[in-house]
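Chain and residue survey
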Amino acid sequence: MARSQSPGDLRDYFQEFEDIKSSKRHDEEEEESAKTPDEGEQEAAWLQEAGYGFIVSKFQAGTEFTDDEINKFTESMPSNHAAVVKRRVDTLNATLRKKQKYSTKIDVRNIFPEQPASGKIVIHSQPLEDEDTGTRQLAKRPATLPRGMKLGSYNGDSSLWTRQAPKSPLSPRGEVVHPEWNRNRASKGPFMKNKGGYSMSGMSEEVQDNVQQGVEMLSVQQKGTVQKRWSQLSPISDADIVFDFNIEENGGESMHSSKTVMGQVNAFDLPNFSLVPDKLGLTCVDDINETDAAYVKNLALLELTSMFDTHNINYSRRRTKKRHKEHGIFGVPLVTLLEQDQKLKPNARIPLVFQEIVSYLVKFCLDTEGILRVPGSTSRIKQLRQEFEERFYQGTFIWADDLTPNDVAALLKQFLRDLPVPLLTDDYIEAFAQVENLPDKKQQLHALNLLILLLPTVHRDTLSVLLELLEKVIELKDINKMSLNNVAMIMAPNLFMAPKVRGSNAAKNKVVWDVEIKMAANTSNIMKMLIRYRNILWTVPTYLMSLVRRQYELETIRKNKDKSKMKGLLSKKDKTEVYKKPALKHEADFHDGVIRIQAPNLTKSSTAIQLDNNMTAGDIVSKFKVIQGSEASNDMNRNTGVQNSHHGPIYNDPRNYQSAGDDTFLFEVGGNVGERCLPHDTNMLALYKVNPNAEWIIKQRQRFKVT
């Protein structure tokens, strides 16, 4: 938790806040939507984002999910993930019941016939004698009897056929409720008055009462019963996956392995964490393909929600009515900017204008005293902004000579504030701010890691470039006088959207002032952690990758089941042709511990390698590099001769030989992953045992970094 801070401790934050207010243009408008989410709307949006759109579709069709159905699709989940899904489904079930209850109105007159004014109910099945005329006639019998009333037997006494109808209370459905039922219900107490009453804003009062009274037994079944029908994998348990963020705290060492620019632990008031090595190789979120990234995102949302639920932390998704520009630069969403830029530069990963501004700051401005803190000239910033809008995409933009580093830094911050969809997104910007409410720094770091994984790719990449720039600013703190605390307090209001300007009376309100101080402290601390632990935050936790592999294995099992069903419908001739195994191209590849490496873009395009306990991915890549006078060089000559016999004399010229370079990596493709770029320290034998069906391909990988 954040320690109590005074306004003096946050001087840079509030000074930046005042600068933002003074630089705000009169034509800027941002209006928060007053519409509150409908009941169940947030749960439905959460399920949709977590990859359970089929659940939402069923509810939209007016159908509830039964306990058995919920258990079927959550049985392969870890218990904490299954729990958060079930809570949301229970809420939607309760919402659906409530809507159906009030949408179907029952008219009591359609159930009971019109009764005499005296309140007597006449029930006759035998002819009765009229008291006035002495004649016997059939009395009319009501079409429907009230519940609890039974026909008596006629014994000649006409009084038995009429009796005073008790004034029974009505149920919410309009039904007559027997008084004895009320006594029975009252004796049972408020047991499960509002089943499924969980909501995104917290537990309802009724549900809290239920928790105090007892626990409802929903269903009991053996785990293996459903599991055998759905998969051959046993239901996952918490013992199968180590749910631990793979970092460790280490004494005075820096988190950077190659340099110590961030200083010692006391310099930042933050612990030093480092990534724990993993035999299978640590996975950066940029090192997996889009399919795996989607799996990771769904799992990250489940894990983050479970963590927040455990600590009763709630966050809402912002709704703004700020207009989105489709053209131009400032005030245009990052996604739109990138789509435009990729038409000019297909490999672009962040908006080109942002890259241009950052590159200028890195080259010419980092050693300026007070960079980011000192405001620039309003007139020069306005002119620079106009120059970008008019000339940047025309290819005629040039940096003016009279600009100062502070002008450019101010424009960078203005670009971030003007984004109609904030850098941290409307969906998660409040969740970032709530991270400070977790009890310790390790859990806070884990939550930030999950939030980074949840960001859209262009937002995550742009944030990475920004944080790398801020790291470079802090590296020169002895020259520019900008420490981690200074930078964090200045950037926090720019990323977390400084609150709207309040009236003078609000400024005097102590409650409001305390909220402002808490917000300033919390967001500044989060900003510090984002900068300090950037290298850790972009890593996919090992346990999430294990769950991704499991999902692939489950998909394979389901596909094989579908094939088996199809196989039973085919003739013997069709079976032979459809399920015929491909011929083995390399018999040696199926020996234990032997893998075939493919390098389609290199001269040495394929080779089989016998793995041992110490071989790494880097060792394999090095076999495809050319080092003069080495065994690899001789191997090149031998392979060149072989290739000459097949492809002709093109390889006689060494310049035509394509070998691996520094940007070449080994990729794990298929099996129980989609595609993953392996770090050079990956133990290949350990990985082979985890994913024996993968293909191993060598290709180039461009690392993304600030210019």
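Further up the page is the structure itself.
The notes below deal with the structure included here. (Residues numbered from 1 in each chain as written. Predicted model: local features only at pLDDT ≥ 70, side-chain atom pairs only at ≥ 80, totals over all residues. Heavy atoms only, no water.)

As a further point, take the overall build of the protein. Secondary structure assignment for the protein yields 26 helices and 15 strands. Across the 707 residues in the protein, those meeting the buried criterion constitute 43%. For the protein, the share of sequence-separated contacts (at least 6 apart) that also reach a separation of at least 24 residues comes to 74%. In the structure as shown, the protein presents an accessible area of about 39,000 Å², 50% of it carried by carbon and sulfur atoms. (Helix = DSSP H or I, 4+ residues; strand = E, 2+ residues; numbered from the N terminus. Buried < 20%, exposed > 50% of the residue type's maximum accessible area, 1.4 Å probe, protein only. Contact = heavy atoms within 4.5 Å. Areas by Shrake-Rupley, 256 points an atom, 1.4 Å probe, with all protein chains shown as cover.)

Bridge count between strand β11 (residues 594–598) and strand β15 (residues 695–700): two bridges; the pairing is parallel. What sits directly across from I597, in β15, is W696. Summarising the sheet, strand β13 (residues 664–669) and β15 pair through six bridges and their orientation is antiparallel. Each residue of the ladder has a partner; that of F667, found in β15, is I697. (Pairing = 2+ DSSP bridges.)

For the rest of this paragraph, the subject is the environment of V487. Position of V487 among the secondary structure elements: in helix α18 (residues 484–495). Remark: the alpha-carbon pair of V487 and Y13, spanning 474 residues in sequence, is separated by 9.3 Å. Non-local contacts of V487, meaning those with residues more than four positions away in its chain, are made with L372, L470, V473, I474, M482 and I531.

Moving on: the nonpolar core. Residues V85, L372, F388, F415, F432 and L544 are the most contacted members of the largest nonpolar core, which totals 130 residues. By size, the runner-up hydrophobic cluster in this structure holds 22 residues, among which are L611, M615, A617 and A694. (Core = buried A, V, L, I, M, F, W, Y, C linked by side-chain atoms within 4.5 Å.)

A separate point is the packing of aromatic side chains. A complete count under the given rule lists 20 aromatic pairs for this structure. With centroids separated by 5.3 Å and ring planes inclined at 70 degrees, the aromatic side chains of Y295 and Y552 adopt a geometry described as edge-to-face. Here Y295 is found in helix α9 (residues 290–310), whereas its partner Y552 is found in helix α22 (residues 542–569), with 257 residues between them in sequence. What makes Y552 buried here is its relative accessible area of 14%. Here the aromatic cluster, defined as three or more aromatic residues joined through ring pairs, consists of Y360, F364, F388, F392, Y393, F397 and W399. When the ring centre of F65 is taken as origin, the NZ or CZ atom of K58, which lies over that ring, is 4.4 Å away. One residue, K699, lies across the ring of F667, its end atom 4.7 Å from the ring centre. (Phe/Tyr/Trp six-rings, centres within 6.5 Å; stacked < 30°, edge-to-face > 60°. Lys NZ or Arg CZ within 6 Å of the ring centre and 35° of its normal.)

This next bit is on the environment of R87. Secondary-structure assignment places R87 in helix α5 (residues 79–103). Residue class for R87 comes out partly exposed when judged on its relative accessible area of 29%. Considering only alpha carbons, one finds R87 and E43, 44 residues apart in sequence, at a separation of 9.1 Å. A distance of 3.0 Å separates the side chain of R87 from the side chain of D309, its partner in a polar contact. (Polar contact = N/O pair within 3.5 Å; in protein donor to acceptor, adjacent residues only side chain to side chain.)

Our next topic: the pattern of salt bridges. One pass over the full model with this rule turns up 20 salt bridges. A salt bridge links R676 to E668; the nearest nitrogen and oxygen atoms lie 3.0 Å apart. R676 gets classed as buried once you look at its relative accessible area, which sits at 2%. Among the salt bridges present, the one from E675 reaches K699, with a minimum N-O distance of 3.1 Å. Taken together, the positions of E675 in strand β14 (residues 675–677) and K699 in strand β15 put the pair 24 residues apart, joining distant regions of the chain. Members of the salt-bridge network, linked through shared partners, are E49, R317 and D427. (Salt bridge = Lys/Arg side-chain N within 4 Å of Asp/Glu carboxyl O.)

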